[in-house]
Amino acid sequence: STTITFSLPKETQLKINIYNALGEFVETLAAGTYDAGYHKITFDASSLSSGVYFYSLMSADFVQVKKMILLR
């Protein structure tokens, strides 16, 4: 498992999705309203194979995509 950390300047409706290296949707990690401040979400990847994955943080006015590598 790994921890994804992020900070928000104001209360925001946020969705975090996980994608594989081909861009195929894997799962929604979190979805909901988050208060302003720092947050940590734990991602349990025990059911996934080794490889490159991407996660996207999406809100109404912001999208960010980051890469992560899963090694076993």
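Refer to the structure printed above.
We now turn to the structure provided with this report.

Cut-offs applied
- Residues numbered from 1 in each chain as written.
- Predicted model: local features only at pLDDT ≥ 70, side-chain atom pairs only at ≥ 80, totals over all residues.
- Heavy atoms only, no water.
- Helix = DSSP H or I, 4+ residues; strand = E, 2+ residues; numbered from the N terminus.
- Rg over C-alpha atoms; globule rule 2.2 N^0.38 Å.
- Buried < 20%, exposed > 50% of the residue type's maximum accessible area, 1.4 Å probe, protein only.
- Patch = residues over 30% accessible without salt bridge, like charges linked within 9 Å, V, L, I, M, F, W, Y side chains within 5 Å.
- Areas by Shrake-Rupley, 256 points an atom, 1.4 Å probe, with all protein chains shown as cover.
- Salt bridge = Lys/Arg side-chain N within 4 Å of Asp/Glu carboxyl O.
- 1 Å grid on protein atoms, 1.4 Å probe; cavity = no way out; pocket = protein on both sides within 12 Å on 5 of 7 lines; lining within 4 Å.
- Points joined across faces, edges and corners; volume = space filled by probe spheres on them.
- Nonpolar A, V, L, I, M, F, W, Y, C, P; charged D, E, K, R; others polar.

**Some points on the overall build of the protein chain**
At step 1: Along its length, the protein chain carries zero helices and six strands.
At step 2: Along its sequence from the N terminus, the protein chain presents helices and strands in the succession β-β-β-β-β-β.
At step 3: For 72 residues, the compact-globule formula gives about 11 Å, and the C-alpha radius of gyration of the protein chain, at 12 Å, lands near that figure.
At step 4: For the protein chain, the spread of C-alpha atoms along the principal axes amounts to about 35 × 20 × 15 Å.
At step 5: Looking at the 72 residues of the protein chain, the share that counts as buried comes to 35%.

**Some points on a nonpolar patch on the surface**
At step 1: Together, Val52, Ile69 and Leu71 make up an exposed nonpolar region whose accessible area comes to about 310 Å².
At step 2: Within the fold, leucine 71 resides in the segment after β6 (62–70).

**A short note on the layout of surface pockets**
At step 1: Each pocket or cavity is described by its volume, and for the largest pocket that value is around 200 Å³.
At step 2: Lining the largest pocket we find 16 residues, and of these Ser7, Leu8, Pro9, Leu14 and Phe62 sit closest to its centre.
At step 3: Of all the secondary structure elements, the ones that give two or more residues to the lining of the largest pocket are β1 (2–8), β2 (12–20), β5 (51–59) and β6.
At step 4: Counting residues per element, the lining of the largest pocket draws most heavily on β1, which supplies five residues.
At step 5: The class makeup of the residues in the lining of the largest pocket is eight nonpolar, five polar and three charged.
At step 6: Put simply, the second largest pocket is a space of about 150 Å³.
At step 7: Lining the second largest pocket, in full, are Ser1, Thr2, Phe43, Asp44, Ala45, Ser46, Leu48, Tyr53, Met68, Ile69, Leu70 and Arg72.
At step 8: Tallying contributions element by element places β6 first for the lining of the second largest pocket, with three residues.
At step 9: Of the residues that constitute the lining of the second largest pocket, the class distribution is seven nonpolar, three polar and two charged.

Interpretation note: all reported values are geometric properties and have no functional meaning in isolation.
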